[in-house]
Amino acid sequence: SQQGEEDPQALSIQEGENATMNCSYKTSINNLQWYRQNSGRGLVHLILIRSNEREKHSGRLRVTLDTSKKSSSLLITASRAADTASYFCASTSYNQGGKLIFGQGTELSVKP
Amino acid sequence: DVKVTQSSRYLVKRTGEKVFLECVQDMDHENMFWYRQDPGLGLRLIYFSYDVKMKEKGDIPEGYSVSREKKERFSLILESASTNQTSMYLCASSLTGTMGDYGYTFGSGTRLTVV
């Protein structure tokens, strides 16, 4: 059961540009998390935003959450070639027993 | 540096073999999870465990079992490997929160090919 749907599926930008990825989900959530996955590797936790929060920052990352629209966005500012990876949103909700359910991911390519 | 270690990066097994995928974490996390990742299907939860000797089925448990005899170790067992179990397998762990209040720490993954 996929909770999150991400948009776009793939994004290609130049170094220095900002990258925005969006995530929509279906049911009420407890929190929403973003992860990065470099090719062929495990996922790395980036940031967690709770359902009562609207915006959160971590370094060059900015996450917003709109519970009325059941959506979240991840903004990476001043992107670098090293940001090239797949980015996944994942959420937990009370009716999922607290399990983390992942979206399909956005593949980001940052060209030097 | 906290770690989740999966025993093999790449594994090739024959159809019908019993396969063990091992995962060890050094963070004293209560929760451990096994996912498989396939192109176009994303990450799907196979099994998880909230405590020693405890296990819960995820979304796709068929053909798999798990074992958690010690807190730090969570093993995924393919009882009789089949070609449709060729996949990337990811182990993760997390602290216990009320409802997933903590991020997961993932291992590097095991790419299993069943021939």
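Provided above is the structure to which this section pertains.
For the structure given in this document, a descriptive report is provided here. (Residues numbered from 1 in each chain as written. Chains lettered and ligands numbered in written order. Predicted model: local features only at pLDDT ≥ 70, side-chain atom pairs only at ≥ 80, totals over all residues. Heavy atoms only, no water.)

## Observations concerning the interface of chain B and chain A
When the parts of a complex come together, some accessible area is lost, and that lost area is often used as the size of the interface. In this assembly, 23 residues from chain B lie in contact with 25 residues from chain A. Here chain B packs against chain A, burying approximately 1,900 Å² in sum over the two surfaces, 48% of which is carbon and sulfur. Inspection of the chain B/chain A interface yields 0 salt bridges. The interface formed by chain B and chain A holds 7 residue pairs in polar contact (both at pLDDT 80 or more) in total. Of all the elements in the fold, those that place two or more residues in the side of chain B that touches chain A are strand E5 (31-38), strand E6 (42-49) and strand E10 (87-94) of chain B. Ranked by residues supplied to the side of chain B that touches chain A, first place goes to E6 of chain B with 5 residues. The residue inventory of the side of chain B that touches chain A, partitioned by class, reads 12 nonpolar, 7 polar and 4 charged. (Contact = heavy atoms within 4.5 Å. Buried area = accessible area lost by both parts, 1.4 Å probe. Salt bridge = Lys/Arg side-chain N within 4 Å of Asp/Glu carboxyl O. Polar contact = N/O pair within 3.5 Å; in protein donor to acceptor, adjacent residues only side chain to side chain. Helix = DSSP H or I, 4+ residues; strand = E, 2+ residues; numbered from the N terminus. Nonpolar A, V, L, I, M, F, W, Y, C, P; charged D, E, K, R; others polar.)

## Quick look at the environment of Arg 14 of chain B
Positionally, Arg 14 of chain B belongs in the loop between strand E2 (10-13) and strand E3 (19-21). Residues Arg 14 of chain B and Gly 42 of chain B lie 28 residues apart in sequence; the distance between their C-alpha atoms is 25 Å.

## What to know about the layout of surface pockets
Looking at the largest pocket, its volume works out to about 610 Å³. Lining the largest pocket are 23 residues, with Ser 86, Phe 88, Gln 104 and Glu 107 of chain A together with Gln 37 of chain B sitting closest to its centre. Put simply, the parts of the chain that give the lining of the largest pocket at least two residues each are strand E1 (4-7), strand E9 (85-92) and strand E11 (106-111) of chain A together with E5 of chain B. No other element matches the 3 residues that E9 of chain A contributes to the lining of the largest pocket. Here the lining of the largest pocket is composed, by residue class, of 5 nonpolar, 12 polar and 6 charged. Roughly 190 Å³ of volume is contained in the second largest pocket. Taken together, Arg 41, Gly 42, Leu 43, Val 44 and His 45 of chain A together with Gly 103, Tyr 104, Thr 105, Phe 106, Gly 107 and Ser 108 of chain B form the lining of the second largest pocket. Going through the elements one at a time, strand E5 (43-50) of chain A together with strand E11 (105-106) of chain B are the ones with two or more residues in the lining of the second largest pocket. (1 Å grid on protein atoms, 1.4 Å probe; cavity = no way out; pocket = protein on both sides within 12 Å on 5 of 7 lines; lining within 4 Å. Points joined across faces, edges and corners; volume = space filled by probe spheres on them.)

## Focus on the packing of aromatic side chains
The description of an aromatic ring pair uses the distance of the two centres, along with the angle that the planes make with each other. Summed over all chains, the structure comprises 10 aromatic pairs over all chains. Taking the centre distance of 6.0 Å and the plane angle of 75° together, the rings of Phe 102 of chain A and Phe 106 of chain B count as edge-to-face. Highlighted residues: Phe 102 of chain A in strand E10 (residues 101-102) and Phe 106 of chain B in strand E11, drawn from two different chains. Ring geometry for Tyr 104 of chain B against Phe 106 of chain B: centres 6.3 Å apart, planes inclined by 40°, an arrangement best described as tilted. Each of the two residues, Tyr 104 of chain B as well as Phe 106 of chain B, counts as buried. (Phe/Tyr/Trp six-rings, centres within 6.5 Å; stacked < 30°, edge-to-face > 60°. Buried < 20%, exposed > 50% of the residue type's maximum accessible area, 1.4 Å probe, protein only.)

## Quick word on the pairing of strand E8 (residues 71-76) of chain A
Residues and elements named next belong to chain A. Among the 6 residues in E8, 5 count as buried, and that is most of the element. Strand direction decides the pairing type here: strand E3 (residues 19-25) and E8, joined by 6 bridges, are antiparallel. Paired with Asn 22 across the two strands is Ser 73, which belongs to E8. Taken together, the 6 bridges between strand E7 (residues 61-66) and E8 define a ladder with antiparallel strand orientation. (Pairing = 2+ DSSP bridges.)

## Comments concerning the pattern of salt bridges
Residue and element names in this part refer to chain B. For the structure shown, the criterion picks out 9 salt bridges over all chains. The partner of Arg 44 in a salt bridge is Asp 38, and the shortest N-O contact between them spans 2.9 Å. Since its relative accessible area comes to 11%, Asp 38 is described here as buried. Via salt bridges that share partners, Arg 36, Asp 38 and Arg 44 belong to a single interconnected network.

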